Amino acid sequence: MKKTLTLSLLLLFQTLTLTAWSNNIKADERNDLDDDVSLEQFSEQEGVLKAEEQIKLAVNEFNTGQLTQALNRLNRVIQMDNRLEKAYLLRGLVNRKLQNYQEALTDYNKAIELNPSRASTYLNRGVAKTMIKELEQAIVDYDKALELKPDYAAALYNRGNAKYMTGNYSDSLDDFTQAITFRDDYTNAYYARALSYAKVDQFAKALEDYGTVLKLKPDYAGAYFNRSLVKTILKEYVTALEDVRKAKELYENQNNQGGIKASDKLIDYISYKLENP
């Protein structure tokens, strides 16, 4: 029984850290749509100004989750004028959110053709490539984004994601650490770095990063769950049980059935270890 449970825990750890990681790969898009975009970049022709107003409406639709409406609007804008780089960039973001990855790549390619010096376009193209597992090509895009903008924390973070997925945990740690240097409140980077630390058996550092994540985002169920896993490996069963119970509570609030099921399995294992030291 003990051997079976130990093996189950190891499999659970591998499966759920990878699941948590795949959910954590995302474009850091909060600021990218506003990077160096202003009306002065467009001509004063009436049609172009109308297109710019439509782009602003599409940005609002994108930010409020009205993705189909945003896509339809941007299709009309591009029919109106196929030289508007921001329209392609935004449509690429919409297509990626809709999981239309090839269409997103086509849009990013066109945006780069129109403006090869915008770092955020390379970053977002890298994310689309990451989502379809073109990891080496994604890293090339992140490298280009960082060449254009050396302090681009989001590019470092996403490059770290891609390196992690290739099994290059040491280099991923370097990228996450640099990202945190530029943004000391970068929750996702701390979370990702904790996962990388766990992969290279630096469990104390992983625990420290999960602690930071929970200070920045106290309702982060995945951080409680993964911290419980690390504590379980370190045989800190009492506090591990506290963490996984908190994770389960948060998963229940989110109606995350996968998280609830995983938490129950981990609770069973820890309870067994406490009862059978």
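Refer to the preceding data block for the structure.
Residues numbered from 1 in each chain as written. Predicted model: local features only at pLDDT ≥ 70, side-chain atom pairs only at ≥ 80, totals over all residues. Heavy atoms only, no water.

Visitor: I tried to follow helix H12 (residues 221-233) on my own but got confused; where do I start?
Guide: The periodicity of an α-helix, 3.6 residues per turn, causes residues three or four positions apart to be oriented the same way. Taking 1.5 Å per residue, 13 residues should reach 18 Å; H12 reaches 19 Å between its end C-alpha atoms and fits that length. Of all the 13 residues making up H12, twelve are buried; the element is thus mostly covered by neighbouring parts of the structure. Considered for burial, the residues of H12 that qualify are Ala221, Gly222, Ala223, Tyr224, Phe225, Asn226, Arg227, Ser228, Leu229, Val230, Lys231 and Thr232. Backbone geometry just downstream of H12 places Lys235 in the positive-phi region, at approximately 65°. (Helix = DSSP H or I, 4+ residues; strand = E, 2+ residues; numbered from the N terminus. Expected span 1.5 Å × (residues − 1). Buried < 20%, exposed > 50% of the residue type's maximum accessible area, 1.4 Å probe, protein only.)

Visitor: Sorry if this is basic, but what is going on with the environment of Leu71 here?
Guide: Locating Leu71 in the fold gives a position in helix H3 (residues 67-80). Using a relative accessible area of 17% as the deciding quantity, one classes Leu71 as buried. Along the sequence, Leu71 and Asn95 sit 24 residues apart, while their C-alpha atoms lie 7.6 Å from each other. Apart from residues lying up to four places away in sequence, Leu71 is in contact with Arg91, Val94, Asn95 and Leu98. (Contact = heavy atoms within 4.5 Å.)

Visitor: Would you mind going over the packing of helix H13 (residues 237-254) against helix H14 (residues 257-275) with me for this structure?
Guide: Each packed pair of helices is defined by two parameters, the angle between the axes and the distance between the axes. Running from N to C, H13 and H14 cross one another at 160°; their axes reach a closest spacing of 9 Å. One way to sum up the angle between H13 and H14 is to call them roughly antiparallel. Along this stretch, H13 crosses H14, giving a crossing that reads as left-handed. Here Tyr237, Val238, Ala240, Leu241, Val244, Arg245, Ala247, Lys248, Tyr251 and Glu252 of H13 come into contact with H14, specifically with Gly259, Ile260, Ser263, Asp264, Leu266, Ile267, Ile270, Ser271, Lys273 and Leu274. Looking at the contact of H13 with H14 residue by residue, the class counts come to twelve nonpolar, three polar and five charged. (Axes fitted to C-alpha atoms, helices over the stretch in contact; angles between N-to-C directions. Parallel < 35°, antiparallel > 145°, perpendicular 65-115°, else oblique. Left-handed = near helix turned anticlockwise from the far one by under 90°. Nonpolar A, V, L, I, M, F, W, Y, C, P; charged D, E, K, R; others polar.)

These figures come from the coordinates and say nothing about function on their own.
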